[in-house]
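Breakdown of the fold
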Amino acid sequence: MTGPTESFLRDISPLPDLHSLLSQFMSNSSPDRIPQDLRNMLASTLESRERWRSLLYQAVDLVFETDNRGRIILISPETWLGQPTTPLISRPFSALCDTVNILQPHTGTPVQITDPQGEALTVILSSCPFQDTEGQVTGIRGTLKAVSQTLPGTSTVITTAPVESISAPQPDTTPVTGSPATTTGVAILATITTALRRAIVPRLASAAAIDALLIPLLAEGALLDTSAPKTFLFKSSALPEDIQSALSTPAPPAGTELFRSGNSHVMICRENIRSLRQLCLVLWRSEPWSTQDQQLCETVCSLLAGFWELDSIHRRILTDSDYDIASNLLNWNGLKSEIERRSRRLDQEAMAATLIIARVPGLTELSKTQGFEAGEEALRQCVALLRKAIRPTDAIGRISNNTFGLWMDGGDRFAAAERAERMTAHGIPILIDPPVHLPLQLGLVSREANAEETPESLLERGMQALQEGVAENRKWRFSHEAP
């Protein structure tokens, strides 16, 4: 029993050659009518052929013809899968697919072709021979229908890849798109990644990520760093006793553990952390855990372990460094060393200096409200404004998230007070979308020449002056009392 495609292939005869048309009209027509009738016959034949071909394109993707040796003599349309098909003309059909014998009839044979990137494309091949007027087979006419999809906009070069011969071929029924469980898992991972990037503090970021995991899984959970076993990094609710006892035992190798605790199905995922111990992700719920759920939770645990490893390395770098990576300013260790070095020179020249503690309220909150991109841009603009407020030879450092220290060589109380008045006149305008105007609060402390004060005591006095100024609703305040 043949399908509609095979019927089309048999009904479409090859384009008549000029010799057969001339013979037909020489025997049946008068000489004066031969040229016009011949042109009409040719036009009618071409028009009929194009109609059949257009109708066939609605059922298949590619139409081809070969000669009796399997060489392609006609292929249409001119482009397929984003690549031209004309270069295949005069080449053997094996250039398109070498896993089938095209000289044999085919009815719905699944064939797999592979592009250079290794992406497989499954097509359905249908073909049948056509004959001349004497009954001799002169070639093969066939069609190809793609059944596995190629993403829009991708370019696929039609090549071949050897596959095993199939004695009883069956259509490829493997779904192209992911299963609902896979699609849901990808969506959950995307939500978790977004939660991790929204919070820069690892503990807050991990809590947000676990929260994003528990909601779609309808589960409770906790996160534990075994280097501090008494303090959970995150816990949605009280842990059952069986889970507590399982976590209190010596840490087994990394992996996943599944067990029952009363009416709850418990899953514990463990990941080893470089230079630390283990990170344990604990989840429990009333429903059993599927294989997809287990793979998802293992992936999340591995992601969080890598997050903690990078944070540990980052903290070590910050501890040993004199610079703040985010702002490219000195941190407190670097600023303290700079103050000590400059103080010795100022004492030799009998010159005073002033330390300005500057706080910009709301600077770090921009990352939470408008995204980390806005927070980073606000930090850059804030640092640029603070640099302009002092001389290029003065020192500036970042003490905490929104607190900075400015060291003015040779700045006595009067010069520092004048500088503070100018700095706080307009605050810190941040040109982002939407623009933000942040306040600027200052605490000032002067160091006289040859004074027996350490950088720590100067910082303490400056912070105290800052807090007193905020309590008094003043933009800046000087510390006039020596320790």
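Refer to the structure presented above.
Residues numbered from 1 in each chain as written. Predicted model: local features only at pLDDT ≥ 70, side-chain atom pairs only at ≥ 80, totals over all residues. Heavy atoms only, no water.

1. Here's the deal with helix H11 (residues 413–423)
Selection rule: Here the term buried applies to any residue with accessible area under 20% of the maximum for its type, exposed to any over 50%, and partly exposed to those in between, with areas from a 1.4 Å probe on protein chains only. A helix here means a DSSP run of H or I that spans at least four residues, while a strand means a run of E at least two residues long, and both kinds are numbered starting from the N terminus. What the arc measures is the spread of directions leading from the helix axis to the C-beta atoms.
Residues Ala416, Arg419, Ala420 and Met423 constitute the buried set of H11. For H11, the angular spread of the buried residues around the axis is 100 degrees, confining them to a single face. With respect to the buried face of H11, the exposed residues turned more than 90 degrees away are Phe414 and Glu418.

2. A look at the pairing of strand S2 (residues 72–76)
Looking down a regular strand, the side chains alternate between one sheet face and the other. Under the convention used in this document: Paired strands, in this sense, are two strands between which DSSP finds at least two bridges.
In this structure, strand S1 (residues 62–67) lies alongside S2, joined through four bridges in antiparallel fashion. From the neighbouring strand, valine 63 faces S2, where its bridge partner is serine 76.

3. Digging into the packing of aromatic side chains
Rules: For Phe, Tyr and Trp, where Trp contributes only its six-membered ring, two rings pair if their centres lie within 6.5 Å, and the inter-plane angle classes them as stacked under 30 degrees, edge-to-face over 60, or tilted in between.
On inspection of all chains with the given rule, the structure shows one aromatic pair. Note on phenylalanine 64 and phenylalanine 93: the rings are 4.9 Å apart at their centroids and 35 degrees apart in plane angle, and the pair reads as tilted. Residue phenylalanine 64 is found in strand S1, and its partner phenylalanine 93 is found in the loop between strand S4 (83–84) and strand S5 (106–114); the two are separated by 29 residues along the sequence. The exposure class assigned to phenylalanine 64 is buried, which follows from its relative accessible area of 0%.

4. Re the packing of helix H5 (residues 202–217) against helix H7 (residues 291–320)
Heads up, the condition is: In this analysis an axis means a line fitted to C-alpha atoms, helices contributing only their contacting stretch, and an angle means the value between N-to-C directions, from 0 to 180 degrees. Here the word oblique covers every angle except those under 35 degrees (roughly parallel), over 145 (roughly antiparallel) and from 65 to 115 (roughly perpendicular). We call two residues in contact when some of their heavy atoms are within 4.5 Å. Classification convention: Asp, Glu, Lys, Arg as charged; Ala, Val, Leu, Ile, Met, Phe, Trp, Tyr, Cys, Pro as nonpolar; all other residues, Gly among them, as polar.
Packing of H5 against H7 brings their axes to within 11 Å, and their N-to-C directions diverge by 175 degrees. On the basis of their axis angle, the class for H5 and H7 is roughly antiparallel. Of the residues in H7, those touching H5 at Pro202, Arg203, Ala205, Ser206, Ala209, Ile210, Leu213 and Leu217 are Asp293, Leu296, Cys297, Val300, Leu304, Phe307, Trp308, Asp311 and Arg315. For the contact of H5 with H7, the class distribution of residues is 12 nonpolar, one polar and four charged.

5. Here we look at a nonpolar patch on the surface
We count it as follows: Like charges are joined within 9 Å and nonpolar side chains (Val, Leu, Ile, Met, Phe, Trp, Tyr) within 5 Å, but only among residues with over 30% relative accessible area and no salt bridge; these make up the patches. Here the open area of atoms and residues is found with the Shrake-Rupley method and a 1.4 Å probe, where only the protein chains shown may cover a residue. Salt bridges are identified by distance alone: a Lys or Arg side-chain nitrogen within 4 Å of an Asp or Glu carboxyl oxygen.
A cluster of nonpolar side chains, Leu310, Ile313, Ile317 and Ile325, forms an exposed patch at the surface whose accessible area comes to about 400 Å². Topologically, isoleucine 317 is positioned in helix H7. Assessed through its relative accessible area of 43%, isoleucine 317 is described here as partly exposed.

6. A few points about the pairing of strand S8 (residues 220–225)
With respect to burial, S8 is a largely interior element, five of its six residues being buried. With six bridges joining them, S8 and strand S12 (residues 278–285) adopt antiparallel strand pairing. Residue pairing in the sheet places leucine 224 in a bridge with cysteine 280 of S12.

7. Brief notes about the nonpolar core
Where we set the bar: Residues grouped as a nonpolar core are buried Ala, Val, Leu, Ile, Met, Phe, Trp, Tyr and Cys residues, joined through side-chain atoms within 4.5 Å.
Grouped together as the largest cluster of nonpolar side chains are 31 residues, with contacts concentrated most on Val360, Leu363, Phe404, Leu406, Leu438, Leu442 and Leu444. Elements that contribute at least two residues to this core include exactly strand S15 (353–359), helix H10 (372–388), strand S17 (403–409), H11, strand S18 (428–430), strand S19 (436–438), strand S20 (441–447) and strand S21 (476–479). A total of six residues in this core trace back to one element, the largest contributor, which is H10. When residues no more than four places from it in sequence are discounted, the contact partners of leucine 444 are Thr354, Leu355, Ile356, Ala416, Ala420, Ala465, Trp476, Arg477, Phe478 and Ser479. Counting 29 residues, the second largest nonpolar core, distinct from the first, contains Ile273, Leu283, Cys301 and Trp308.

8. Considering the sheet that holds strand S10 (residues 255–261)
Pairing within the open sheet is antiparallel, and its five strands lie in the order S9-S8-S12-S11-S10. Each edge of the open sheet carries a strand with a single partner, namely strand S9 (232–235) and S10. When the angles between neighbouring strand axes are averaged without regard to direction, this sheet yields 15 degrees. Of the strand pairs in this sheet, S10 and strand S11 (residues 264–272) are connected by seven bridges, and their pairing is antiparallel. Residue pairing in the sheet places arginine 260 in a bridge with histidine 265 of S11. Sheet strands touched by H7: S8, S9, S10, S11 and S12. Its angle to S11, the strand with the most contacts, is close to 35 degrees.

9. A closer look at the environment of threonine 184
Inspection of the secondary structure puts threonine 184 in helix H4 (residues 180–198). Spatially, the C-alpha atoms of threonine 184 and leucine 296 are 9.9 Å apart, while their sequence positions differ by 112 residues.

10. Some points on the state of the cysteines
By definition, a disulfide is the covalent link that joins the sulfur atoms of two cysteine residues. Test applied: To count as a disulfide, a pair of cysteine sulfur atoms needs to be within 2.5 Å.
For the structure shown, the criterion picks out zero disulfides. Unpaired in this structure, cysteine 280 has its nearest cysteine sulfur neighbour in cysteine 301, at a distance of 7.3 Å. Given a relative accessible area of 1%, cysteine 280 falls into the buried group.

11. Regarding the pattern of salt bridges
Pairing of side chains with opposite charge becomes possible as their charged atoms draw close. Tallied over the full model, the rule gives 19 salt bridges. Between aspartate 409 and arginine 342 there is a salt bridge, with its nearest N and O atoms 2.6 Å apart. Note that aspartate 409 is positioned in strand S17 and arginine 342 in helix H8 (residues 332–348), a separation of 67 residues in sequence. Overall, the relative accessible area of 11% leaves aspartate 409 in the buried class. Three or more residues joined by partner-sharing salt bridges are found here, namely Glu338, Arg341, Arg342, Arg345, Glu349 and Asp409.

By themselves, these observations are geometric and do not establish any function.
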